[in-house]
Amino acid sequence: MAKRSFVRYATKTNVDPQKVYIENKAVDSIIEELTERGSRRLLVVCDNAVRKLRPFEKMVDKLLSEHYRVFIYCQTGNTLVAGDIEGAAKICHEYNCDTIIAVGGMSEIDCAKLVGAMVNNPDSTLQQMSGVNKIKNDIPTVICICTENSVAATTSSAEFYIPDKHQWVNVYSPFLTPHIVVYDAEFSSRGALEISMISAVEALSIAIESYIHPLSLSFPEYRASSKIAITSAIKNLEKLASNPTDAIVRNQIGVMSFYAGLSSRKSGLGYSHMIEHALISKYGVAHGTGFATVLPLVLSAQMSDYQEDFAELARAAHFCSASLDTASAAQVFVDNIRRILEKLKLPKMACSIARDDVASIVNEVERMAKNYSFKNPLDSRMLTHTILMLSQM
């Protein structure tokens, strides 16, 4: 994927509006949507933990009572791999499913998107869809019921991992935007708190890096979405940690991730995401677990280039007075993000970075960064310093 192709795609591509439901017992609304769209045969993508939840069982029972055919595919792991997409697509094709329902987080939602792309684009392989605007035909109806705080429900992209090649594949297409998004506390409040917190921190990282991306200046509505997500995360993350069963806070955090996903449509991946991907490829780190550690380091490395942006965010979050000078306000923002993330007490990444691996990790991050239009890319020296700091934590 060339940098120019992503910039051209981001600046010229429009995405169709989505329907969003934020309510309890949202299954009734889903059935209304299915009736309106003429859906009859449903592929449900989830993981084994979600499949055991009582709200999931009730949803399936309700769909069956309304005479829908329901076929369920359970993913094999936490990280989406090509085999899962192909396995779910085989079921979708075999049973002629017309609608795909993802119940879960980023992995399940991205799986549903790419299954839809494979079913409606049978002449293209997953690899041929990688990059920008390679999908020719729109996907069937995709409904996302979010059990965590992933941004995937609102992005026009998807990603998956090829383990034997240690390679991440990103796919960008306006066709990958889900049609319907559901935030139902019956589902989100049953999810593991740790997963909910990790995905919320990832959404915060994406929102901040979308806000400072140069393309955001050309799309003020997307930049506004970034700011909404950032201020909401700052307000609610600690509340979620202290009171994980609060349905209102759960939904507020879910909506925060919705706005974070919107904001990323014009920016692609930021450095914290790319470093996380490089660590997964190198050490098999669990997806999402690195953001709480990586984000503050990346923000510190970018301080000199984005002081004004960080200062503006500090004032929007009421971390400081409007009269505080730019340099001090920017530092206050980064310090407070670090403080909030430390208070969440999320688990550390389960890897030990070897000094001999630092150069190859830096090279991988720089390779990924070439795909995106960074006004002030981190140079090799600063990236090396950041990875070395990470290795000492």
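Data block above holds the structure.
Residues numbered from 1 in each chain as written. Predicted model: local features only at pLDDT ≥ 70, side-chain atom pairs only at ≥ 80, totals over all residues. Heavy atoms only, no water.

### Some words on the overall build of the protein chain
Move 1: Scanning the protein chain for helices and strands turns up 17 helices and nine strands.
Move 2: Relative to a compact globule of 393 residues, whose C-alpha radius of gyration would be 21 Å, the protein chain shows 20 Å and is just as compact.
Move 3: Overall, the protein chain is about 60 × 45 × 40 Å in size when its C-alpha atoms are taken along their principal axes.
Move 4: Within the protein chain, residue pairs in contact and separated by at least 24 positions form 77% of the contacts whose partners lie at least 6 positions apart.
Move 5: Accessible surface computed for the protein chain: about 16,300 Å², of which carbon and sulfur atoms make up 49%.
Move 6: Counting 40 positive and 42 negative side-chain charges, the protein chain places the averaged centre of each group 2 Å from the other. (Helix = DSSP H or I, 4+ residues; strand = E, 2+ residues; numbered from the N terminus. Rg over C-alpha atoms; globule rule 2.2 N^0.38 Å. Contact = heavy atoms within 4.5 Å. Areas by Shrake-Rupley, 256 points an atom, 1.4 Å probe, with all protein chains shown as cover. Lys, Arg positive; Asp, Glu negative; His and termini not counted. Charge placed at Lys NZ, Arg CZ, Asp CG, Glu CD.)

### Quick word on the pairing of strand β7 (residues 157–162)
Move 1: With respect to burial, β7 is a largely interior element, six of its six residues being buried.
Move 2: Side chains S157, E159 and Y161 project from β7 onto one buried face, and the interleaved A158, F160 and I162 project onto a second face that is buried too.
Move 3: Direction of pairing for β7 relative to strand β8 (residues 167–172): antiparallel, over a ladder of six bridges. Directly across from I162, in β8, lies its bridge partner Q167.
Move 4: Counted between consecutive antiparallel strands, the loop separating β7 from β8 contains four residues, among which H166 sits at a positive phi close to 50 degrees. (Buried < 20%, exposed > 50% of the residue type's maximum accessible area, 1.4 Å probe, protein only. Pairing = 2+ DSSP bridges.)

### As for the sheet that holds strand β2 (residues 41–46)
Move 1: The sheet built from six strands is open, its strands ordered β1-β9-β6-β4-β2-β3 with parallel pairing. Looking at the sheet topology across the chains shown, the edges are occupied by β1 (19–22) and β3 (69–74). Going from strand to strand, the sheet's axes swing by 15 degrees on average, the running direction of each strand aside.
Move 2: Pairing analysis gives three bridges linking strand β6 (residues 141–146) to strand β9 (residues 180–183), with the strands arranged parallel. If you follow I143 over to β9, its bridge partner there is I180.
Move 3: Contacts from helix α6 (residues 106–120) reach β2, β4 (99–104) and β6, with the element oriented near 165 degrees to β4. (Axes fitted to C-alpha atoms, helices over the stretch in contact; angles between N-to-C directions.)

### Quick word on unusual backbone geometry
Both trends apply: most residues other than glycine have a negative phi, and most peptide bonds are in trans.
Move 1: Phi is positive for H166, which is not a glycine, with a value near 50 degrees.
Move 2: Look at H318: it is not a glycine, yet its phi comes out positive at around 60 degrees.
Move 3: Relative to the assigned elements, H318 resides in the loop between α14 (307–316) and α15 (326–344).

### A short note on the sheet that holds strand β5 (residues 131–132)
Move 1: Within the open sheet, the three strands sit side by side as β5-β8-β7. Their pairing is mixed. Strand pairing shows two members of the sheet lacking a second neighbour, β5 and β7, which therefore form its edges.

### Points about the pattern of salt bridges
Move 1: Following the criterion strictly, the structure yields 14 salt bridges and no others.
Move 2: Between K62 and E66 there is a salt bridge, with its nearest N and O atoms 4.0 Å apart.
Move 3: Residue classification places E66 among the partly exposed positions, given a relative accessible area of 34%.
Move 4: With a closest N to O distance of 3.0 Å, E238 and K343 form a salt bridge. Placement of E238 in helix α10 (residues 220–242) and of K343 in helix α15 is noted, with a sequence separation of 105 residues between them.
Move 5: It is possible to trace a salt-bridge network through shared partners that takes in K19, E33, E36 and R37. (Salt bridge = Lys/Arg side-chain N within 4 Å of Asp/Glu carboxyl O.)

### Re the environment of H287
Move 1: Within the element layout of this structure, H287 appears in the loop between α12 (271–283) and α13 (291–301).
Move 2: Along the sequence, H287 and H166 sit 121 residues apart, while their C-alpha atoms lie 14 Å from each other.
Move 3: Apart from residues no more than four positions distant in its own chain, H287 is found in contact with T79, M106, E159, W168, I198, E202, H273, E276, H277 and I280.

### What about helix α16 (residues 358–369)?
Move 1: Between its first and last C-alpha, α16 extends 16 Å over 12 residues, near the 16 Å set by a 1.5 Å rise per residue.
Move 2: Those residues of α16 lying buried are V358, I361, V362, V365, M368 and A369. Angularly, the buried residues of α16 cover 125 degrees about the axis, an arc narrow enough to put them on a single face.
Move 3: Contact partners of the buried residues in α16: α12 and α17 (380–391). (Expected span 1.5 Å × (residues − 1). Arc of directions from axis to C-beta.)

### Notes on the packing of α13 against α15
Move 1: The geometry of α13 relative to α15 is characterised by a closest axis approach of 10 Å and an angle of 170 degrees between their N-to-C directions. Between α13 and α15, the angle is such that the two are roughly antiparallel. Contacts between α13 and α15 pair A292, L295, P296, L299 and S300 from the former with F333, V334, I337, R338 and L341 from the latter.
Move 2: Across the contact of α13 with α15, the residue classes break down as eight nonpolar, one polar and one charged. (Parallel < 35°, antiparallel > 145°, perpendicular 65-115°, else oblique. Nonpolar A, V, L, I, M, F, W, Y, C, P; charged D, E, K, R; others polar.)

### Remarks on the nonpolar core
Nonpolar side chains in soluble globular proteins tend to be buried together.
Move 1: L43, F160, F310 and F333 are the most contacted members of the largest nonpolar core, which has 83 residues in total.
Move 2: Top contributing element to this core by residue count: helix α9 (residues 193–212), with 11 residues.
Move 3: Among the nonpolar cores identified, the runner-up in size contains 29 residues, and I280, V365, M368 and I387 belong to it. (Core = buried A, V, L, I, M, F, W, Y, C linked by side-chain atoms within 4.5 Å.)

The values reported here are purely geometric and, on their own, carry no functional implication.
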